[in-house]
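In case you want the letters, here they are:
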Amino acid sequence: MVSPVTNGNTLPIHGNGTNGIPHINGQASTPEINATSTPDSSIPIIDTPLLIVGAGPAGASLASFLSHPPYSMTGIMIAAAPTTSQTPRAHITNPAAFECLRDIDLEQECLSQAVQGDCMVHTRWCHDMTGEEYARIYSWGNDPKRRADYEGATPCRHVDLPQTVFEPIVVQRAAADGWDVRFKTSLIRFDKQADGRILSLVRDDLTQLQYYIRSTYLFGCDGARSQVIRQLNIPLIKKPGQGLALNVLVKVDLSDYVEARKGNLHWVFQPDVEYPDFAWSGLIRMVKPWNEWMFILFPKPDVEFKEPTHEQYLQRCKEIVGRDDLPIEILNISKWNINEIVAEYYSEGNIFCLGDAVHRHPPFNGLGSNTCIQDAFNLAWKIKMVHQGLASPTLLDSFSKERQPVGLGVVTRANQGIRDHSPVWKELGLLEPTPEKRMKALNDLKTASPEARERRKRVNAAVEGTSHEFHGLGVEMNHRYESDAVYLDDELAAGRTKPEWPEDPILQHKISTYPGHRLPHAWLNTAFPQKQSTSTIDLAGHGRFSLFTGIGGEKWLAAAEKVSKELGVEIKGVTIGWGQDWVDLYRDWESRREVEEDGCILVRPDRFIAWRSTELVPDCDAKLLDVLKRVLGR
């Protein structure tokens, strides 16, 4: 196990001084550190290979991936916050993220604490939480017409797992595996030293003690106000934000009213009342069924925001609930901005940024924490390979090249998700300026006039248009990596171009073994079944490369064994077909593999395709060696 080691001065646990740090006006000053300066010898230095700044979904997931065998890499993770998240911000956890968590045996623990998909069956538009409904749409894989698409794409499912529940799971896993986790600890600044290591000045915010952490790698997982991003001066691609939103965490028991119309998202519009400036509409999100909710309130556009009183918040929440006789308690109030921001690149040398530090967007499509987890999963195996000398440092350049386009797509889609709702509001008449005009527009929908008939069609089409948010299987799964860690020479030589995306790449997932795509999921069995079916997903990953082949592919297996020994990189052989280790009883793998039975597919530790050979070649050993060396930059 690679673990943190303290060298030089030790950091005292107790003490009433500041370890020699000079004071200015009673405050500890920050010493200057840079690549040429010598650290103040009176300040303790802790040496560790890995320093993660931020213990949210990105940082804690990265720590968990790095420490899980066979990586077994640990270090120090700091966070300025006093503890894990106290507000349930991110909550939808999608299959793409669960495939990563499944790799380190965390999926079942997460599922045991999550709200299952049957509580997420609908998204609704309504007058209030107990009153009239305007429309519903199936969501998060619960549409009967879409179930086959989801089941064919992945063995995992959507659940509702709030950040308040998820973060402790991954933080505790990281700590149990050997990470030194320090909350209430702020990064002040960092500098590259002459030997390439990074010297970070941090502060214990409880004692105000400052000390250095010297690390081989620094990971900026420190959120939307990232100090690491600011100091690196990484340019941000920004589009105009879409305003302010208010999160009001509310305790109110709605069991009697939600059971017949289950869903975890409820848009509330009340055309018959004058909207208060701070909450012209509300998106109500289930936190715990059915007695804890997040009321997300959107202030009127182009109106100066004035902080409401607690009584105004409470009154608005009562109106949204729709019943005065139900006890309501406000647990927490917070604000956030609707951003559309992505970093131009994610890394510089041995400093890497991931999560909300590099992609900032609203929660529409439920892509936030999921993208953080996948950022971490992409990076973890590369750090391990390079740190152990199994790959060139150039492999780390592929992190930004692969994940930045994903982040850009996620940010774009999440913001489009907001805009997709505007036609619903317009056609329902909810954007009219006065209660009288809004009610007339709404009541007109209930008439038999030709105009109302056409509007009802437009309402239906507008509601269906939001399916890109609630059934975005494509945006969740259609990640195609293009970098030097993907070998494309054989594809180009044979004239095979990149697969075309589906007609609607947001809704539909493209299953392919073209290098750079994720490994297709297919259920497999043993010839004499001793257990339930096993997914191809579970046969790959787990910190190693995998090579999939079939009947006639024995030479590929021999090549994998030989190359593995020569390079010191584990390659697991997987054979599928009649009389092989795994049997394709459902014939799904045959329809998805896109290579002949004696061909092969090389899968990276993150379960993305590194390379494929459509058939057996004369010198399997030489070919596989060349491919793997190219992927690893050796």
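Scroll up for the structure.
Residues numbered from 1 in each chain as written. Predicted model: local features only at pLDDT ≥ 70, side-chain atom pairs only at ≥ 80, totals over all residues. Heavy atoms only, no water.

Regarding the packing of aromatic side chains
Tallied over the entire structure, the rule returns 21 aromatic pairs. On the basis of an interplanar angle of 90° and a centroid distance of 5.9 Å, the ring pair of Trp140 and Phe470 is categorised as edge-to-face. Separated by 330 residues along the polypeptide, Trp140 in the loop between strand 7 (133–138) and helix 4 (147–153) and Phe470 in helix 14 (residues 467–470) bring together distant segments of the chain. Taken together, a centroid distance of 5.5 Å and an interplanar angle of 70° make the contact between Phe278 and Tyr313 edge-to-face. Residue Phe278 is located in the loop between strand 15 (265–268) and strand 16 (281–288), and its partner Tyr313 is located in helix 8 (residues 310–321); the two are separated by 35 residues in the primary sequence. On the basis of relative accessible area, Tyr313 is assigned to the buried category, the value being 2%. Taken together, Trp267, Phe269, Tyr275, Trp280, Phe298, Phe364 and Trp425 form an aromatic cluster joined through their ring pairs. (Phe/Tyr/Trp six-rings, centres within 6.5 Å; stacked < 30°, edge-to-face > 60°. Helix = DSSP H or I, 4+ residues; strand = E, 2+ residues; numbered from the N terminus. Buried < 20%, exposed > 50% of the residue type's maximum accessible area, 1.4 Å probe, protein only.)

Considering the sheet that holds strand 26 (residues 571–575)
On the basis of which strands lie adjacent, the open sheet formed by four strands has the order 26-25-27-28 and mixed pairing. Because the sheet does not close on itself, it has two edges, and the strands there are strand 26 and strand 28 (609–613). Each strand of the sheet is rotated relative to its neighbour by a mean of 15°, with strand direction disregarded. Direction of pairing for strand 25 (residues 545–549) relative to strand 26: parallel, over a ladder of five bridges. Looking at strand 26, one finds that Phe548 is bridged to Val574. (Pairing = 2+ DSSP bridges. Axes fitted to C-alpha atoms, helices over the stretch in contact; angles between N-to-C directions.)

Here's the deal with helix 13 (residues 450–465)
An ideal rise of 1.5 Å per residue puts 22 Å on 16 residues; helix 13 measures up with 23 Å between its terminal C-alpha atoms. Turning to helix 13, its buried residues are Ala452, Arg455, Val459, Ala462 and Val463. The buried residues of helix 13 all sit within an arc of 95° when viewed along its axis, so they share a single face. Turned more than 90 degrees away from the buried face of helix 13 sit Pro450, Asn460 and Ala461, all of them exposed. Those residues of helix 13 hidden inside the fold are in contact with strand 6 (122–126), strand 7, helix 11 (422–428), helix 12 (435–444) and helix 14. (Expected span 1.5 Å × (residues − 1). Arc of directions from axis to C-beta. Contact = heavy atoms within 4.5 Å.)

Observations regarding the nonpolar core
One finds Phe219, Ile383, Phe545 and Leu602 to be the most contacted residues of the largest nonpolar core, which totals 102 residues. Ranked by residue count, the leading element in this core is helix 9 (residues 368–387), at ten residues. Taken domain by domain, the makeup of this core includes at least three residues from each of domain 1 (45–113 + 158–235 + 341–413) and domain 2 (480–632). Ignoring any residue separated from it by four or fewer positions in sequence, one finds Ile383 in contact with Leu50, Leu66, Met73, Tyr217, Phe219, Phe352 and Leu396. Counting 33 residues, the second-largest nonpolar core is a separate cluster that includes Leu249, Ile418, Leu445 and Val463. (Core = buried A, V, L, I, M, F, W, Y, C linked by side-chain atoms within 4.5 Å. Domains from an automatic or database assignment.)

Structural notes on the pairing of strand 11 (residues 198–204)
Burial analysis of strand 11 places five of its seven residues in the buried class, the great majority of the element. In this sheet, strand 11 lies alongside strand 10 (residues 185–192) in antiparallel orientation, the contact comprising seven bridges. The residue bridging Asp191 from the neighbouring strand is Leu199, located in strand 11. Once strand 10 ends, the chain turns through five residues before running back antiparallel as strand 11, passing Gly196 with a positive phi of about 95°. Of the strand pairs in this sheet, strand 11 and strand 12 (residues 210–220) are connected by six bridges, and their pairing is antiparallel.

Side note on unusual backbone geometry
For the bond from Pro69 to Pro70, the omega torsion is 10°, close enough to zero to count as cis. By secondary structure assignment, the location of Pro70 is in the loop between helix 1 (57–67) and strand 4 (76–78). Here the residue pair Pro289 and Trp290 is connected by a cis peptide bond, since its omega of -10° sits within 30 degrees of zero. As for its placement among the helices and strands, Trp290 is situated in the loop between strand 16 and strand 17 (292–298). Positive phi, normally seen in glycine, also occurs at Ser72, with a value near 55°.

What about the environment of Asp584?
In this structure, Asp584 sits in the loop between strand 26 and helix 19 (588–592). Taking the C-alpha atoms as reference, Asp584 lies 8.7 Å from Thr526; in sequence the two are 58 residues apart. Separated by 3.2 Å, the side chain of Asp584 and the backbone nitrogen of Asp588 make a polar contact. (Polar contact = N/O pair within 3.5 Å; in protein donor to acceptor, adjacent residues only side chain to side chain.)

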